[in-house]
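Notes for the structure review
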Amino acid sequence: MLCVQLGLAVSVGLIDRIGADGAAWLRLAWAGLLFLVVVRPRRAAFTRVTFGICVLLGVVTAMTTLLFMAAIDRIPLGTASALEFLGPLGVAVANGQGRGKLVWPALAAVGVVLLTQPWLGSVDQVGVRFALAAAACWAAYIVLTQRVGDGVDGIQGLAVSMPVAGLVATAAVGPMVLPRMTPQILLIGLGLAILLPVVPFILELVALRRLTTAAFGTLMSLEPAFALLIGFLVLHQIPTPLAIVGIWFVVTAGIGAARSGARRLSVPAELG
């Protein structure tokens, strides 16, 4: 989550130069190329079903990134991350068990409301819609990532999904963003892609081998807190007192979810 928010903060600095769609494309294109070259997916690692899931994960990854970048172009990073968290929260509610099934997600939801303060009516509504659409895609991303992690050796699944995400982003916005690219921006994009999404996506894949989707989804409640902190330190976006209270709620929910979130049968890091 820290890598994600640092990467997004750097991306915000690129938006003025290449646009939100350009910043999203730059990350996805480089990440896809890096995974393809470094990991080199092996045909034997996939069945027809698992390969199809990896392709679908790639499409969802591209949509999540493009939509979220469009959101942070219009609304503060902390607000966008809080709204996007509704996706993992939905996963947590749908798949949770025991007394914490509703308690921790509900506590996190209160924190999200305090972070966004919708009663003020000052948030860009188009940006909110982009963030909510990204939330729906993120929910699908969590479910698909766990299925890929369970069914494919190592990070072979990401070696398929990330190139697909890069191709989807190129098809969607490539003709508009390619003329904006310069050698300097392309070099910056290479470093940015390692910070986000290469490192975070690998860590999420490993985490979802050991956690239930419910626990993982609720643990992502920590992301708005990271976003608010990075937004303050890097982008100088000052949080309100209510937003700080909201952070306390989501962090508490994340801790509660972590205490009961291990999967009954964890999947080894390397299958087979």
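Residues numbered from 1 in each chain as written. Predicted model: local features only at pLDDT ≥ 70, side-chain atom pairs only at ≥ 80, totals over all residues. Heavy atoms only, no water.

On to the overall build of the chain. The number of helices and strands found in the chain is 11 helices and 0 strands. Element order for the chain, N to C, with α for helix and β for strand: α-α-α-α-α-α-α-α-α-α-α. Taking 272 residues into account, the globule formula puts the C-alpha radius of gyration at 19 Å, and the chain, at 18 Å, falls close to it. Structurally, the chain occupies a C-alpha span of about 50 × 50 × 25 Å along its principal axes. The buried share among the 272 residues of the chain stands at 53%. Considering only contacts within the chain whose residues lie at least 6 apart along the sequence, 89% involve residues at least 24 apart. When the 17 positive and 10 negative side-chain charges of the chain are each reduced to one mean point, those points stand 9 Å apart. (Helix = DSSP H or I, 4+ residues; strand = E, 2+ residues; numbered from the N terminus. Rg over C-alpha atoms; globule rule 2.2 N^0.38 Å. Buried < 20%, exposed > 50% of the residue type's maximum accessible area, 1.4 Å probe, protein only. Contact = heavy atoms within 4.5 Å. Lys, Arg positive; Asp, Glu negative; His and termini not counted. Charge placed at Lys NZ, Arg CZ, Asp CG, Glu CD.)

End to end, helix α8 (residues 183-210) covers 40 Å across 28 residues, agreeing with the expected 40 Å (1.5 Å per residue, within 8%). Taken as a whole, α8 carries its principal kink of about 40 degrees at alanine 193; the proline proline 197 stands between one and four residues after it. (Expected span 1.5 Å × (residues − 1). Bend = angle between axes of the 7 residues up to and from the residue.)

Bringing the packing of aromatic side chains into the picture now. Inspection of every chain in the model, using the stated rule, returns 3 aromatic pairs. Plain terms: the ring middles of phenylalanine 46 and phenylalanine 51 are 5.9 Å apart, the flat faces sit at 90 degrees to each other, and that makes the pair edge-to-face. Here the aromatic rings of tryptophan 248 and phenylalanine 249 are separated by 5.3 Å at their centres, their planes lie at 85 degrees, and the arrangement is edge-to-face. Residue class for tryptophan 248 comes out exposed when judged on its relative accessible area of 54%. (Phe/Tyr/Trp six-rings, centres within 6.5 Å; stacked < 30°, edge-to-face > 60°.)

What follows is about the nonpolar core. Judged by nonpolar contacts, the single largest core of 82 residues is most densely connected at Leu8, Met69 and Ile72. In this structure, leucine 8 is in contact with Arg27, Phe68, Met69, Ile72, Leu77 and Leu196, ignoring residues within four places of it in sequence. (Core = buried A, V, L, I, M, F, W, Y, C linked by side-chain atoms within 4.5 Å.)

Next up on the list: the pattern of salt bridges. Taken as a whole and judged by the stated rule, the model has 2 salt bridges. Among the ionic pairs, aspartate 21 bridges to arginine 180, the shortest N-O distance being 2.8 Å. Residue aspartate 21 is found in helix α1 (residues 2-38), and its partner arginine 180 is found in the loop between α7 (156-177) and α8; the two are separated by 159 residues along the sequence. For arginine 180, a relative accessible area of 30% translates into the label partly exposed. Ionic pairing is found between arginine 74 and aspartate 124, a salt bridge with its closest N-O pair at 3.7 Å. Residue arginine 74 is found in the loop between α2 (48-72) and α3 (77-84), and its partner aspartate 124 is found in the loop between α5 (100-116) and α6 (125-151); the two are separated by 50 residues along the sequence. On the basis of relative accessible area, aspartate 124 is assigned to the partly exposed category, the value being 30%. (Salt bridge = Lys/Arg side-chain N within 4 Å of Asp/Glu carboxyl O.)

All right, on to the packing of α2 against α3 then. At their nearest, the axes of α2 and α3 sit 9 Å apart, and the two run at 140 degrees to each other. In terms of orientation, α2 lies oblique with respect to α3. The two elements α2 and α3 cross, and the hand of that crossing is right-handed. On the side of α2, the interface is formed by Thr64, Phe68, Ala71 and Ile72, while α3 contributes Leu77, Ala80, Ser81 and Glu84. (Axes fitted to C-alpha atoms, helices over the stretch in contact; angles between N-to-C directions. Parallel < 35°, antiparallel > 145°, perpendicular 65-115°, else oblique. Left-handed = near helix turned anticlockwise from the far one by under 90°.)

Let us look at the side chain of serine 81. Take serine 81: it is sitting in helix α3. Each residue touching serine 81, except ones within four places of it in the same chain, is listed here: Gln5, Phe68, Glu223, Pro224 and Ala227.

In short, the description is geometric, and any link to function would need to be established separately.
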